[in-house]
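Structure assessment
Given next are the chains, with one letter for each unit.
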Amino acid sequence: MTLLALAVALDLLVGDPPNRWHPVAWIGRLIALARARAPRSPEDLALYGTFLILIVVGLAAGGALIAQALLGELPGPAAPLARAWLLKCSFSLSALFTAVEIVRGHLVAGDLDGARRQVARHLVSRDTTGLDEGSVASAAVESLAENLTDGLVSPVCFYVAGALLGGVGAGLALAWAYRAVNTADAMIGYRRDELEYLGRATARTDDALNYVPARLAAATIVAGAWLAGQSRAGAARVWRRDGSRTESPNAGQTMAAMAGALGVTLEKRGHYRLGDGPPPDPDAIDRALRVARGAAALGLAGAGLTLLVAGLTLLVG
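A brief look at the structure comes next.

Cut-offs applied
- Residues numbered from 1 in each chain as written.
- Predicted model: local features only at pLDDT ≥ 70, side-chain atom pairs only at ≥ 80, totals over all residues.
- Heavy atoms only, no water.
- Helix = DSSP H or I, 4+ residues; strand = E, 2+ residues; numbered from the N terminus.
- Rg over C-alpha atoms; globule rule 2.2 N^0.38 Å.
- Buried < 20%, exposed > 50% of the residue type's maximum accessible area, 1.4 Å probe, protein only.
- Contact = heavy atoms within 4.5 Å.
- Areas by Shrake-Rupley, 256 points an atom, 1.4 Å probe, with all protein chains shown as cover.
- Lys, Arg positive; Asp, Glu negative; His and termini not counted.
- Charge placed at Lys NZ, Arg CZ, Asp CG, Glu CD.
- Phe/Tyr/Trp six-rings, centres within 6.5 Å; stacked < 30°, edge-to-face > 60°.
- Lys NZ or Arg CZ within 6 Å of the ring centre and 35° of its normal.
- Expected span 1.5 Å × (residues − 1).
- Arc of directions from axis to C-beta.
- Axes fitted to C-alpha atoms, helices over the stretch in contact; angles between N-to-C directions.
- Parallel < 35°, antiparallel > 145°, perpendicular 65-115°, else oblique.
- Left-handed = near helix turned anticlockwise from the far one by under 90°.
- Patch = residues over 30% accessible without salt bridge, like charges linked within 9 Å, V, L, I, M, F, W, Y side chains within 5 Å.
- Salt bridge = Lys/Arg side-chain N within 4 Å of Asp/Glu carboxyl O.
- Core = buried A, V, L, I, M, F, W, Y, C linked by side-chain atoms within 4.5 Å.
- Polar contact = N/O pair within 3.5 Å; in protein donor to acceptor, adjacent residues only side chain to side chain.
- Pairing = 2+ DSSP bridges.
- Nonpolar A, V, L, I, M, F, W, Y, C, P; charged D, E, K, R; others polar.

Once that is clear, we can look at the overall build of the chain. In terms of regular secondary structure, the chain is built from 13 helices and two strands. On C-alpha atoms alone, the chain measures out to a radius of gyration of 20 Å, which is about the 20 Å that the 2.2 N^0.38 rule sets for 317 residues. Here the C-alpha coordinates of the chain stretch approximately 55 × 55 × 35 Å along the principal axes. Every one of the 317 residues in the chain was classed for burial, and the buried ones make up 49%. Counted over contacts in the chain with a minimum sequence separation of 6, partners at least 24 positions apart contribute 68%. Carbon together with sulfur atoms contributes 61% to the accessible area of the chain, which is approximately 14,800 Å² in total. The averaged location of the 27 negative side-chain charges in the chain is 2 Å from the averaged location of its 29 positive side-chain charges.

Now the structure itself:
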């Protein structure tokens, strides 16, 4: 529990390190290097992609185990702080909130082009050049909701599961195994061109790993809506109704819950339409941030409580 609390504090106070020092960027470079050397035929691509994700996950988990062992040899408080930093790098919360706030600031200032550039740079992979204000705001809110799963709830869930089963080292290894899969999915897990084959194993693994965390994240959004003074009932209703309307079995869970909490429609044209009401505006982005902060706080509190109860149970036993 202490390590998780320290990791969250580091995220909020320090944020993410520069890319050249960030393990996620190292994983990304490895995947990009492997992709450049991929074979051409669909059958070979699929097999190559399977071995690629196995190797990347093994290196990430093994690297985390080695790093936590070495960091544990540091003197005094440096050891837990370094291990907390290793855990912190597997998730990102403050950077997500900051990116969404920047997009909102451009929209408030009437700078639609700037908002388009920022949402494309930090939050989504879609083409944003022709998006109107409502579509840009929708993209920001969608990404905020979806990334609660990818950026926070999933890695924390895997850390907690590993820590309960095998201690801190196992927790860090599972958190980084998840982060490796999710990073690979963001880079090659698409159903287009050669990626349909190269990224098939990665995409299916990412879907499986996120299945439970995505639904836990949606539940925290429902509770976070209540904390933020938004519609808890609307969040629960739209989550049940629209949570499965996206191509991904997981992305729609949190997006639908957020749409219901805010009373807006989140839409990616030609792909999905979630919720009821008008498209979001800058005020809706602000309300979404309040909901997301409440959801994150509740999720982290639940994770910390789980670790605390498990530790007390071991002591009593």
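Read on for the rest.
Unusually for a residue other than glycine, aspartate 193 sits at a positive phi of about 50 degrees. Along the polypeptide, aspartate 193 turns up in the loop between helix H8 (168–188) and helix H9 (195–198).

Let us look at the packing of aromatic side chains. For the structure on display, the rule yields one aromatic pair. A cation over an aromatic ring shows up here: lysine 88 above the ring of phenylalanine 91, its NZ or CZ 5.6 Å from the ring centre. Here arginine 215 stacks its cationic end above the ring of tyrosine 211, 3.6 Å away from the centre of that ring.

Before going further, it helps to spend a moment on helix H1 (residues 2–13). In this model, H1 (twelve residues) spans 16 Å end to end at C-alpha, consistent with the 16 Å of a helix rising 1.5 Å per residue. Buried within H1 we find Leu3, Leu4, Ala7, Val8, Leu10 and Asp11. Along the long axis of H1, the arc covered by the buried residues comes to 160 degrees, so they all point the same way. Opposite the buried face of H1, at more than 90 degrees from it, the exposed residues are Thr2, Leu12 and Leu13.

Here the focus is the packing of helix H5 (residues 94–108) against helix H13 (residues 282–316). Relative to each other, H5 and H13 sit at 165 degrees, their axes nearing to 9 Å. With respect to their mutual orientation, H5 and H13 come out roughly antiparallel. By crossing handedness, the relation of H5 to H13 is classed as left-handed. Of the residues in H13, those touching H5 at Phe97, Val100, Glu101, Arg104, Leu107 and Val108 are Pro282, Ile285, Asp286, Leu289, Ala292 and Arg293.

Let's shift gears to a nonpolar patch on the surface. Nonpolar side chains collect at one region of the surface, where Met1, Leu305, Leu308, Val309, Leu312 and Leu315 lie side by side and expose about 590 Å² of accessible area between them. Within the secondary structure, leucine 315 sits in helix H13.

To continue, consider helix H6 (residues 112–122). Side chains that are three or four residues apart share a direction in an α-helix, a result of its 3.6 residues per turn. Listed in full, the buried residues belonging to H6 are Gly114, Ala115, Arg116, Gln118 and Val119. Contact partners of the buried residues in H6: H5 and helix H7 (133–166).

The subject of this paragraph is the nonpolar core. The biggest cluster of nonpolar side chains holds 79 residues, and the ones touching the most others in it are Leu4, Leu87, Leu123, Tyr159 and Met258. Looking at this core, the element that brings in the most residues is H7, giving 13 residues. In contact with tyrosine 159, other than residues within four places in its own chain, are Leu3, Leu4, Leu87, Val168, Gly171, Leu172, Ala175 and Leu307. Core analysis: the next-biggest nonpolar cluster, separate from the first, contains five residues, Ala225, Ala235, Ala236 and Ala261 among them.

For the rest of this paragraph, the subject is the side chain of serine 90. Here serine 90 lies in the loop between helix H4 (78–88) and H5. Accessibility expressed as a relative area gives 0% for serine 90, which makes it buried. For serine 90, the side chain forms a polar contact with the main-chain oxygen of leucine 87, separated by 2.6 Å. If we skip the residues at most four places from it in the chain, serine 90 touches Pro155, Ala175, Trp176 and Arg179.

So, about the pairing of strand E2 (residues 272–275). In this structure, strand E1 (residues 265–268) lies alongside E2, joined through four bridges in antiparallel fashion. When the sheet's bridge partners are listed, glutamate 267 is paired in E2 with arginine 273. Two successive antiparallel strands, E1 and E2, enclose a turn made up of three residues, where glycine 270 displays a positive phi of approximately 85 degrees.

This part takes up the side chain of glutamine 68. In this fold, glutamine 68 is placed in helix H3 (residues 42–71). On the basis of relative accessible area, glutamine 68 is assigned to the buried category, the value being 13%. Among all residues touching glutamine 68, those that are not within four sequence positions of it are Arg83, Leu86, Gly169 and Leu172.

In this section: the packing of helix H10 (residues 200–227) against helix H12 (residues 251–262). Put simply, H10 and H12 touch, their axes get as near as 8 Å, and they point 10 degrees apart. Taken together, H10 and H12 sit at an angle that is classed as roughly parallel. From H10, Ala214, Arg215, Ala217, Ala218, Ile221 and Ala225 reach across to H12, where they touch Gln253, Thr254, Ala257, Met258 and Ala261. Of the residues belonging to the contact of H10 with H12, the class tally is eight nonpolar, two polar and one charged.

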